[in-house]
Amino acid sequence: MTTFTDRPLEEQISQWRTYVRRRQVLHGPDVEELEGHLREQLAALTESGLAGDEAFLVAVKRMGSLDALSREFALAHSERLWKQLVTSPDAAEESAKTSHTETLIVLGLAIAAAIAIKVPTLFGLRLDGAEMFYARNISLFVLPLLTIYFLWKRGAGVGRGLMLALPFVAGAVLANIFPFQKRSDTEVLAVLHLPIALWLAVGFAYVRNRWFSSPGRMDFVRYSGELAIYYVLIALGGGVFTAFTMMMFMAIGINAQWLAGDWLIPCGAMGAVIVGSWLVEAKQSVIENMAPVLTRLFTPLFTILLLVFLATMVWTGSPINVEREVLIGFDLLLVLIVGLVLYAASARDPQAPPDFFDGLQLLLVVSALVVDGVALAAIAARISEFGFTPNRVAALGENLILLINLAWSAWLYARFLRQRGSFASLEQWQIAYLPVYPIWAALVVIVFPPLFGYR
Amino acid sequence: MDMSKDLVAASATPLVLAILAEGDSYGYAIIKRVIELSGGHIQWTDGMLYPVLHRLERQGHVAAKWSAAENGRRRKYYRITKTGRKLLAAQREQWHVVDGALRGIWMRARTT
């Protein structure tokens, strides 16, 4: 593997390198590794008597077709596949054919979701009269349709579809037959947890048969993050659209508030879930993901926030005030930090050595652990003083779940930073832990109301 | 003799791991070793080795390190890890079973 004195041969190698570099799945070090191989092959071939250009032809031929090679690389590194979908020419043709059908199906499902939320009105359940009914059922209007979209998109059979209908039916039945007391805590908890539990069913449809493979789950995590971002963008646009609608009709003396409140906002909110998902699916190969970019941006800021918060708490000695909102706030904070870790992991090249950002992540996780410990102590104190309530038990459970995740992540991060372990093990841990969240949410929906007497 | 694609793909992992179990190595040397071991019957498309190596690296069965080669360029060296050795042992047993079964039936075919 030497540099060749044969000038034309060097030129050919550099042309080959430029050509290979155009493949987006092949990153710099991969190209370098392949070039090293090519050079050794060339050296061996020229030694055995082949002329430079002959040797070059043979060596490139032995390397194999670049299309096939890129495909293999993409399979080995699915996070790159996400950024730059590699499709063979015939797959590209096929996708052009189906994309028309897909647009129609997406439009149909989005309209169906928009209609679904208006159906209860026919039975006299108005949006501004039966708020809790809508709150309990909100995920049931759109998530089944979203699941249907992914079942269609992944070409799943009817049997699988029927199996995935089960959780939705169960959710719908439980959410509506439980005799919740008016404004009860268990009802609010069910409202908050049902969408999380049902998201697992969407996940099954999304990954098709790859639920037990880590790239499959990681893709679902990426999809969820991107959908959240697209959804916010669509909501912003929807807000502008609504404002203009109101303003223009106001100008001719018509109050269009009913149109916005009863139709535009609820129907748009439902349809946007489907359209947003379709956009994520369609664009996943085209643009850089936003979720990892936001992660990079906010990880340092949240690390500073947590450290300053802890320092202030130690300095002033003021304990955490255990109001309900505060507890939920801290739970959300931990969810966010788990999210930051998860999305940082989803975008990271697992083979890269530890860098500054990884140190920062560890600091973030450790400070979150300390905050979580303080919050747990506060909840435990509250429970021992005033007994169990649905809210406290839910907050306690969620805290414990997040604590376990963060503690083990911190351990794996520390090992990785000291080069004792690989980043892949951290990624695998995060992925293996994912089903815990929806399963806990399902428990809160199914077990809590009867357990606490629908209070 | 042209080996079927599936067989080549299936045997790639145990071959690579077994070669790395002999000692650390790098892409080009691994391919040469495969040719040598199989008497030239197993001919991989050279490039295809690298995705296999990267997948094994990602799964933690091998570890990789860039270091300088004799000629001043960088070269990526691969080393088998503990989990890699475990996987190799498991695969070895599986191949042993397949080998034994095929041998058994072909021996009988020859004697009858």
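Note that this is a predicted model, so its numbers are computed, not measured. (Residues numbered from 1 in each chain as written. Chains lettered and ligands numbered in written order. Predicted model: local features only at pLDDT ≥ 70, side-chain atom pairs only at ≥ 80, totals over all residues.)

Asker: I would appreciate a short explanation of the overall build of chain A in the present structure.
Answerer: When its secondary structure is counted, chain A shows 19 helices and 0 strands. Counting the 455 residues in chain A, one finds 32% classified as buried. Once local pairs closer than 6 in sequence are excluded, the contacts in chain A between residues at least 24 apart make up 78%. (Helix = DSSP H or I, 4+ residues; strand = E, 2+ residues; numbered from the N terminus. Buried ≥ 20, exposed ≤ 12 C-beta atoms within 10 Å, placed from the backbone. Contact = placed C-beta atoms within 7 Å.)

Asker: Help me out: how do you make sense of the overall build of chain B in this one?
Answerer: Tallying secondary structure elements over chain B gives 4 helices and 3 strands in all. When the helices and strands of chain B are read in sequence order from the N terminus, they spell out α-β-α-α-β-β-α. Considering chain B as a whole, with its 112 residues, one finds that 27% of them fall into the buried category. Taking the contacts inside chain B whose residues are at least 6 apart along the sequence as the reference set, 51% of them involve residues at least 24 apart.

Asker: Sorry, what's going on with the nonpolar core here?
Answerer: One recurring pattern in soluble globular proteins: nonpolar side chains tend to sit buried together. All names here are of chain A. Counting 73 residues, the largest nonpolar core has A113, V142, L146 and I274 as its most contacted members. For this core, the element with the highest residue contribution is helix α14 (residues 324-347), accounting for 11 residues. When residues are assigned to domains, this core turns out to be shared by domain 2 (83-283) and domain 3 (290-451), each giving three or more. Residues in contact with V142, not counting those within four places in the same chain, are A113, M270, V273 and I274. (Core = buried A, V, L, I, M, F, W, Y, C linked by C-beta atoms within 7 Å. Domains from an automatic or database assignment.)

Asker: So what exactly am I meant to see when it comes to the confidence of the model for chain B here?
Answerer: A low pLDDT score tells you not to read the predicted coordinates there in detail. Residue and element names in this part refer to chain B. Mean pLDDT over chain B works out to 86, with 97% of the residues at or above the 70 mark. For chain B, strand β2 (residues 62-68) is the element with the lowest average pLDDT, namely 86, and strand β1 (residues 25-26) is the one with the highest, namely 90. Interface confidence for the predicted complex, expressed as ipTM, amounts to 0.81; the pTM equals 0.66. (pLDDT = per-residue confidence, 0-100.)

Asker: Looking at this structure, I do not really get the sheet that holds β2 of chain B. What am I missing?
Answerer: Hydrogen bonds along the backbone pair up the strands of a sheet, which may run parallel or antiparallel. All names here are of chain B. Spatial ordering of the open sheet is given by β1-β3-β2, a layout of 3 strands whose pairing is antiparallel. Taken across any chain shown, the strands that pair with only one partner, and hence form the sheet edges, are β1 and β2. The pairing of β1 with strand β3 (residues 74-80) spans 2 bridges and is classified as antiparallel. Along β3, the bridge assignment pairs S25 with Y78. This element, helix α3 (residues 49-58), spans β2 and β3 of the sheet and lies at about 115° to β2. (Pairing = 2+ DSSP bridges. Axes fitted to C-alpha atoms, helices over the stretch in contact; angles between N-to-C directions.)

Asker: Looking at this structure, I do not really get the environment of R92 of chain B. What am I missing?
Answerer: Inspection of the secondary structure assignment puts R92 of chain B in helix α4 (residues 82-111). Sequence separation of R92 of chain B and A18 of chain B is 74 residues, and the distance between their C-alpha atoms is 9.1 Å.

Asker: Please explain the interface of chain A and chain B as it appears in this structure.
Answerer: Between chain A and chain B, the contact holds 24 residues from the first and 20 residues from the second. Sorting the residues of the side of chain A that touches chain B by element identifies α2 (28-47), α3 (52-63), α4 (66-76) and α17 (423-433) of chain A as the ones contributing at least two each. Ranked by the residues each element gives to the side of chain A that touches chain B, the list is headed by α2 of chain A, at 8 residues. A per-class count over the side of chain A that touches chain B returns 9 nonpolar, 9 polar and 6 charged. (Nonpolar A, V, L, I, M, F, W, Y, C, P; charged D, E, K, R; others polar.)

Asker: Which parts of the structure should I look at to understand helix α8 (residues 131-153) of chain A?
Answerer: Because the α-helix completes a turn every 3.6 residues, residues three or four places apart line up on one side. All names here are of chain A. Counted at 1.5 Å a residue, the expected span for α8 with its 23 residues is 33 Å, and the 34 Å between its end C-alpha atoms agrees. If you look at α8, its biggest bend is around 50°, right at N137. With its phi angle positive at about 65°, G155 sits one or two positions after the end of α8. (Expected span 1.5 Å × (residues − 1). Bend = angle between axes of the 7 residues up to and from the residue.)

Asker: Got a minute to help me understand the packing of helix α13 (residues 290-316) of chain A against helix α15 (residues 356-386) of chain A in this structure?
Answerer: A pair of packed helices is characterised by two quantities: the angle between their axes and the separation of those axes. Residues and elements named next belong to chain A. α15 packs onto α13 with a crossing angle of 40° between their chain directions and a minimal axis gap of 9 Å. In terms of orientation, α13 and α15 fall into the oblique class. α15 is crossed by α13, and the crossing has left-handed handedness. Contact residues: T299, P300, F302, T303, L306, L307 and L310 in α13; L360, Q361, L363, L364, S367, A368, V370 and V371 in α15. Taken together, the residues of the contact of α13 with α15 break down into 11 nonpolar, 4 polar and no charged. (Parallel < 35°, antiparallel > 145°, perpendicular 65-115°, else oblique. Left-handed = near helix turned anticlockwise from the far one by under 90°.)

Asker: Would you explain the pairing of β3 of chain B in this entry?
Answerer: Walk down a regular strand and you will see the side chains alternate between the two sheet faces. All names here are of chain B. Summarising the sheet, β2 and β3 pair through 7 bridges and their orientation is antiparallel. Considered in β3, the bridge of A63 is made with R79. The antiparallel hairpin formed by β2 and β3 contains 5 residues in its connecting segment, where G72 sits at a positive phi of about 95°.

Asker: Explain α3 of chain B here, please?
Answerer: All names here are of chain B. Burial analysis of α3 places 8 of its 10 residues in the buried class, which makes it a mostly covered element. Within the span of α3, buried status applies to L49, Y50, P51, L53, H54, L56, E57 and R58. After α3 finishes, the residue G60 shows a positive phi value of roughly 85°.

Asker: Help me understand unusual backbone geometry in this model?
Answerer: In this structure, Q419 of chain A is a non-glycine residue whose phi angle is positive, near 60°. Mapped onto the elements of the fold, Q419 of chain A is located in the loop between α16 (390-417) and α17.

Asker: Would you mind going over the environment of V169 of chain A with me for this structure?
Answerer: Residues and elements named next belong to chain A. Structurally, V169 is set in helix α9 (residues 158-177). For V169, a count of 11 C-beta atoms within 10 Å translates into the label exposed. For the pair formed by V169 and L140, sequence separation is 29 residues and the distance between their alpha carbons is 8.9 Å.

Asker: I'm lost on the packing of helix α10 (residues 185-207) of chain A against helix α18 (residues 436-446) of chain A in this one. Help?
Answerer: All names here are of chain A. The N-to-C vectors of α10 and α18 enclose an angle of 140°; their axes lie 7 Å apart at closest approach. Here α10 lies oblique to α18, going by the angle between them. The handedness of the crossing between α10 and α18 is left-handed. Two secondary-structure elements touch here, α10 through L189, A190, H193, L194, I196, A197, W199 and L200 and α18 through Y437, P438, A441, A442, V444 and V445. Of the residues contributing to the contact of α10 with α18, the split by class is 13 nonpolar, 1 polar and no charged.

Asker: Looking at this structure, how should I read the confidence of the model for chain A?
Answerer: Residue and element names in this part refer to chain A. Chain-level statistics for chain A give a pLDDT mean of 83 and a share of 91% at 70 or above. The element-level mean pLDDT for chain A is lowest in helix α5 (residues 78-83), coming to 55, with α18 highest at 92. Every residue in residues 83-94 scores below 50 in pLDDT, and together they form 14 contacts with partners more than four places removed in sequence or on other chains.

Asker: Sorry, what's going on with the environment of L233 of chain A here?
Answerer: Secondary-structure assignment places L233 of chain A in helix α11 (residues 214-251). In sequence terms L233 of chain A and G276 of chain A are 43 residues apart; their C-alpha atoms lie 9.2 Å from each other.

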